[in-house]
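# Overview (structure and organization)
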Amino acid sequence: MGLGSDMYRQQILDHYKNPRNYGKLEDPTFTHIGENPMCGDEIRMDVKLDDDEETIEQVAFSGDGCAISQASASMLSKELRGKTVDELLEMDRDDVVDMLGVDISPMRVKCAVLAEKVAQDGAEIYQGDLDVEKTTTEED
């Protein structure tokens, strides 16, 4: 592991200890909750769309969990601003792992992608394409 990995590890710890956009939005367009039962992670994602109902204007998250899940939610909340709902729905595990910047063990991938899955499921519920009460990583 080189200096770059250490930098990304520090970034993950920073987002974990000082999460960005932590809390709840006052008037979100959609809200969704999810969990990773294997690790105990729980995330709530609030997303507010712009007047065009396509562009993500604000994102907030709340919840508890390991450093990877919370840092990923924090980073994702910054990453999604200005993207469209379609761009959110096109994201995959590789996008999240690339955003984190470190190799994630197979056991931790579900922690890393929880916020992404919650935001995506929330968007699909909002669009009428999905009907679930809570997202879980156990479906993978």
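Structure's up top.
First things first, this report covers the structure right here in the doc. Keep in mind the model is a prediction, meaning the values are calculated, not measured.

## Overview of the nonpolar core
Counting 33 residues, the largest nonpolar core has Met45, Ile68, Leu80 and Leu100 as the members making the most contacts within it. When residues of this core are traced back to their parent elements, those giving at least two are strand S2 (41-49), strand S3 (56-64), helix H2 (67-79), helix H3 (85-90), helix H4 (93-100) and helix H5 (106-127). When residues of this core are assigned to their parent elements, the largest contribution, nine residues, is made by H5. If we ignore the near neighbours within four places in the chain, the residues touching isoleucine 68 are Ile12, Leu100, Ile104, Arg108, Cys111 and Ala112.

## Describing the sheet that holds strand S4 (residues 135-136)
Pairing in this open sheet of four strands is mixed, and the strands run S3-S2-S1-S4 from one edge to the other. For this open sheet the edge positions go to S3 and S4, each flanked by a neighbour on one side alone. By the bridge criterion, seven bridges tie strand S1 (residues 30-36) to S2 in an arrangement that is antiparallel. For glycine 34, the partnering residue across the bridge sits in S2 and is isoleucine 43. Running at roughly 170 degrees to S3, H2 makes contact with S2 and S3 of the sheet. Docked against the sheet, H5 engages S1, S2 and S4, running at close to 145 degrees with respect to S1.

## Digging into the pairing of S2
Once S1 ends, the chain turns through four residues before running back antiparallel as S2, passing glycine 40 with a positive phi of about 90 degrees. Where S2 hands over to S3, the hairpin turn is made up of six residues, of which glutamate 53 adopts a positive phi near 60 degrees.

## Quick notes on H5
Given 3.6 residues to a turn, an α-helix orients residues that are three or four positions apart in the same direction. The first and last C-alpha atoms of H5 sit 31 Å apart over 22 residues, in line with the 32 Å expected at 1.5 Å per residue. Residue valine 113 marks the point of greatest curvature in H5, where the axis turns by about 45 degrees. Count one or two residues on from H5 and you reach glycine 128, which has phi positive near 85 degrees.

## Focus on the packing of H2 against H5
Running from N to C, H2 and H5 point in directions that differ by 30 degrees, and their axes come no closer than 8 Å. By the angle between their axes, H2 is roughly parallel relative to H5. Of the two elements, H2 crosses H5, and the hand of that crossing is right-handed. Contacts from Ile68, Ser69, Ser72, Ala73 and Leu76 in H2 reach Arg108, Cys111, Ala112, Ala115 and Glu116 in H5.

## A few points about the pattern of salt bridges
Under the definition given, this model contains five salt bridges. Between arginine 20 and aspartate 14 there is a salt bridge whose closest N-O contact spans 2.5 Å. You can call aspartate 14 partly exposed: its relative accessible area is 31%. Ionic pairing is found between lysine 134 and glutamate 35, a salt bridge with its closest N-O pair at 3.7 Å. Residue lysine 134 is located in the loop between H5 and S4, and its partner glutamate 35 is located in strand S1; the two are separated by 99 residues in the primary sequence. With relative accessibility at 39%, the residue lysine 134 sits in the partly exposed group.

What counts and what doesn't
- Residues numbered from 1 in each chain as written.
- Predicted model: local features only at pLDDT ≥ 70, side-chain atom pairs only at ≥ 80, totals over all residues.
- Heavy atoms only, no water.
- Core = buried A, V, L, I, M, F, W, Y, C linked by side-chain atoms within 4.5 Å.
- Buried < 20%, exposed > 50% of the residue type's maximum accessible area, 1.4 Å probe, protein only.
- Helix = DSSP H or I, 4+ residues; strand = E, 2+ residues; numbered from the N terminus.
- Contact = heavy atoms within 4.5 Å.
- Pairing = 2+ DSSP bridges.
- Axes fitted to C-alpha atoms, helices over the stretch in contact; angles between N-to-C directions.
- Expected span 1.5 Å × (residues − 1).
- Bend = angle between axes of the 7 residues up to and from the residue.
- Parallel < 35°, antiparallel > 145°, perpendicular 65-115°, else oblique.
- Left-handed = near helix turned anticlockwise from the far one by under 90°.
- Salt bridge = Lys/Arg side-chain N within 4 Å of Asp/Glu carboxyl O.

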